Amino acid sequence: MKANSFRKSILITGAGTGIGRDTAKALVERGHKVYATTHHDAEVASLRDALGGDAEVFRLEITDPQDRAKIAELDIDVLINNAGQGESGSLAEIDIDRVRRLFEVNLFSSLELTQIAIGTMIERGGGTIIFISSAVGRIPFPFLMPYGMTKFALSAAASGLRSEMRTLGKGIHVSVIEPGAFHTGFNQRLWSSRFEWMDNSSIFSASQIETMKSDSTRTLRWIEAKSTVSIVNKIVSASEAKTPRLRYVAPWYMAIVVRLLRILGA
Ligand SMILES: NC(=O)c1ccc[n+]([C@@H]2O[C@H](COP(=O)([O-])OP(=O)(O)OC[C@H]3O[C@@H](n4cnc5c(N)ncnc54)[C@H](OP(=O)(O)O)[C@@H]3O)[C@@H](O)[C@H]2O)c1
């Protein structure tokens, strides 16, 4: 990427691991003021050491209203809603409380944090809100629907909020990032979460469950990008753009896959 010619103040949630951590590192290296947040107190010091530069690290559990309120004191140009969790399993039998809790984290808490950021951005005269959604927030993927539905809602929310902010006319931009599969450990936890509760009471047979287990390991090995660089570059581009696009997708072939599947009526 080209050198950064301007410095922004950027807050990212869920920065202790994976894409969030790699993005925080890239933003620090590009000279931005980065508020890197994690929901684990124990992770704060090591994350600060790992990021160095002008990074401020603090605890932000996005479901905790007191933690969310901390950002009202900060001058944030860009909010990156990256924190997220996963749940998988058939919609025919998953305990709906699991789905409800997931919506609380992936959708409602991110929106509540966003509302606070928008308040400060109105006072500051503009800013950018970024939501990290997913390719499965565009294409329904069987057995990943509990997670996929939260990301569908997030992608839709980003698009609608973007238009609302245009109407508001205070210089607030909204973008959504839709990653394909990246090897951060997230997918392994997401795909296997259903096997914590799918047992002989499941409507799926033991042999169907066994096939799902071996299929998921094989599929993930095949589809996951090993490096997060392509998606980190998209998040950095959206953060730095004067007028960011609505949607950023990586790896590049995922944009084609999503388009093709939508044309085919997926
Ligand atoms: N990896 C992929 O292939 C992929 C694809 C599409 C979209 N995404 C999205 O990209 C984002 C980052 O995922 P990743 O792959 O980097 O996985 P990750 O390493 O698990 O990142 C998610 C981060 O969010 C944190 N988090 C979870 N619940 C939180 C809460 N209530 N408050 C604050 N932080 C919380 C997690 O902490 P703990 O794990 O310590 O609880 C973790 O650090 C997620 O939104 C994910 O849905 C990932």
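Residues numbered from 1 in each chain as written. Predicted model: local features only at pLDDT ≥ 70, side-chain atom pairs only at ≥ 80, totals over all residues. Heavy atoms only, no water.

Digging into the packing of aromatic side chains
Inspection of every chain in the model, using the stated rule, returns five aromatic pairs. Judged by centre distance (6.2 Å) and plane angle (35°), the ring pair of Phe103 and Phe108 falls under tilted. For Phe103, a relative accessible area of 17% puts it in the buried group. Between the NZ or CZ atom of Lys213 and the centre of the ring of Phe195, over which it lies, the distance is 5.4 Å. (Phe/Tyr/Trp six-rings, centres within 6.5 Å; stacked < 30°, edge-to-face > 60°. Buried < 20%, exposed > 50% of the residue type's maximum accessible area, 1.4 Å probe, protein only. Lys NZ or Arg CZ within 6 Å of the ring centre and 35° of its normal.)

Observations concerning the environment of Ser163
Among the structural elements, Ser163 can be located in helix H5 (residues 145–168). Looking at Ser163, the relative accessible area reads 39%, which means it is partly exposed. Distance from Ser163 to Val232, taken between C-alpha atoms, is 25 Å for residues 69 residues apart in sequence. (Helix = DSSP H or I, 4+ residues; strand = E, 2+ residues; numbered from the N terminus.)

Brief notes about the nonpolar core
Among the nonpolar cores identified, the biggest contains 34 residues, and Leu11, Ile129 and Phe131 are the most heavily contacted of them. Where this core is concerned, the elements lending two or more residues are helix H4 (96–124), strand S5 (127–132), H5, strand S6 (172–179) and helix H7 (206–223). If you tally residues by element for this core, the top one is H4, at eight residues. Those residues in contact with Leu11 that lie beyond four places of it in its chain are Tyr35, Thr37, Phe58, Leu60, Ile71, Leu74, Ile76, Val78, Leu79 and Ile80. Counting 30 residues, the second largest nonpolar core, distinct from the first, contains Ile10, Val28, Ala36 and Ala241. (Core = buried A, V, L, I, M, F, W, Y, C linked by side-chain atoms within 4.5 Å. Contact = heavy atoms within 4.5 Å.)

A short note on the side chain of Arg194
Tracing the backbone through its elements, the reader meets Arg194 in the loop between helix H6 (186–192) and H7. One buried charge, Arg194, has no salt-bridge partner; the nearest side chain with opposite charge is Asp215, at 8.4 Å. Here Arg194 is in contact with Ser88, Gly89, Phe143, Met212 and Ser216, once residues within four sequence places are set aside. (Lys, Arg positive; Asp, Glu negative; His and termini not counted. Salt bridge = Lys/Arg side-chain N within 4 Å of Asp/Glu carboxyl O.)

Remarks on the site of the ligand
Neighbouring the ligand are 27 residues, the closest being Thr17, His40, Glu61, Tyr147 and Thr184. Contacts to the ligand include His39, whose side-chain N or O atom sits 2.8 Å from an oxygen atom. For the ligand, whose unbound accessible area comes to 860 Å², protein coverage reaches 92%. Elements represented by at least two residues in the shell around the ligand include exactly helix H1 (18–29), H5 and H6. Broken down by element, the residue count for the shell around the ligand peaks at three residues, all from H6. Of the residues that constitute the shell around the ligand, the class distribution is eleven nonpolar, 13 polar and three charged. (Near = heavy atom within 4 Å. Polar contact = N/O pair within 3.5 Å; in protein donor to acceptor, adjacent residues only side chain to side chain. Areas by Shrake-Rupley, 256 points an atom, 1.4 Å probe, with all protein chains shown as cover. Nonpolar A, V, L, I, M, F, W, Y, C, P; charged D, E, K, R; others polar.)

Some words on a nonpolar patch on the surface
On the surface, a nonpolar cluster with roughly 450 Å² of combined accessible area is contributed by Trp252, Tyr253, Ile256 and Leu260. For Trp252, the position within the fold is in helix H9 (residues 252–263). (Patch = residues over 30% accessible without salt bridge, like charges linked within 9 Å, V, L, I, M, F, W, Y side chains within 5 Å.)

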